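# Descriptive analysis of the structure
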Amino acid sequence: MPEYINPAALSRYVATLISGMLIQAVIGAGREDLEDMINIALSALSPSHN
């Protein structure tokens, strides 16, 4: 992991993302919608994005 990433903040981000996705799934979001969320999160974390 690059030094500029705060591991505690990253873990909170991932936990928040998962919690939000859980809520979205409960209220009816489909697999494609959930995968879109993951793809956006992964692109935000990619080194080329920073």
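Notes on the structure in this doc start here. This structure is a prediction, so every number in the text was calculated from the model and none was measured.

### Let's talk about the pattern of salt bridges
Inspection of the entire model under this criterion finds 1 salt bridge. Across the salt bridge formed by Glu35 and Arg31, the nearest N and O atoms sit 2.8 Å from each other. With a gap of 4 residues between them, Glu35 and Arg31 both fall in helix H2 (residues 31–45), about one helical turn apart.

### Let's talk about the environment of Ser46
Secondary-structure assignment places Ser46 in the segment after H2. Distance in space between the C-alpha atoms of Ser46 and Met21 is 20 Å, their sequence separation being 25 residues.

### Concerning a nonpolar patch on the surface
Nonpolar side chains collect at one region of the surface, where Tyr13, Val14, Ile18, Ile38, Leu42 and Leu45 lie side by side and expose about 500 Å² of accessible area between them. Those elements giving two or more residues to the nonpolar patch turn out to be helix H1 (7–26) and H2. Mapped onto the secondary structure, Tyr13 falls in helix H1.

### Things to note about the packing of H1 against H2
Running from N to C, H1 and H2 point in directions that differ by 165°, and their axes come no closer than 10 Å. In terms of orientation, H1 lies roughly antiparallel with respect to H2. When you trace H1 past H2, the crossing you get is right-handed. Listed contacts from H2 to Leu10, Tyr13, Leu17, Met21, Gln24 and Ala25 of H1 are Leu34, Met37, Ile38, Ala41 and Leu45. Grouping the constituent residues of the contact of H1 with H2 by class yields 10 nonpolar, 1 polar and no charged.

### A word on the environment of Leu22
By the secondary structure assignment, Leu22 is in helix H1. Between the C-alpha atom of Leu22 and that of Leu34, which follows or precedes it by 12 residues, the distance is 9.1 Å.

### Notes on H1
Across its 20 residues, H1 extends 29 Å between first and last C-alpha, which sits within 8% of the 28 Å expected from 1.5 Å per residue. Just beyond H1, the residue with positive phi is Gly28, at close to 115°.

Cut-offs applied
Residues numbered from 1 in each chain as written. Predicted model: local features only at pLDDT ≥ 70, side-chain atom pairs only at ≥ 80, totals over all residues. Heavy atoms only, no water. Salt bridge = Lys/Arg side-chain N within 4 Å of Asp/Glu carboxyl O. Helix = DSSP H or I, 4+ residues; strand = E, 2+ residues; numbered from the N terminus. Patch = residues over 30% accessible without salt bridge, like charges linked within 9 Å, V, L, I, M, F, W, Y side chains within 5 Å. Areas by Shrake-Rupley, 256 points an atom, 1.4 Å probe, with all protein chains shown as cover. Axes fitted to C-alpha atoms, helices over the stretch in contact; angles between N-to-C directions. Parallel < 35°, antiparallel > 145°, perpendicular 65-115°, else oblique. Left-handed = near helix turned anticlockwise from the far one by under 90°. Contact = heavy atoms within 4.5 Å. Nonpolar A, V, L, I, M, F, W, Y, C, P; charged D, E, K, R; others polar. Expected span 1.5 Å × (residues − 1).

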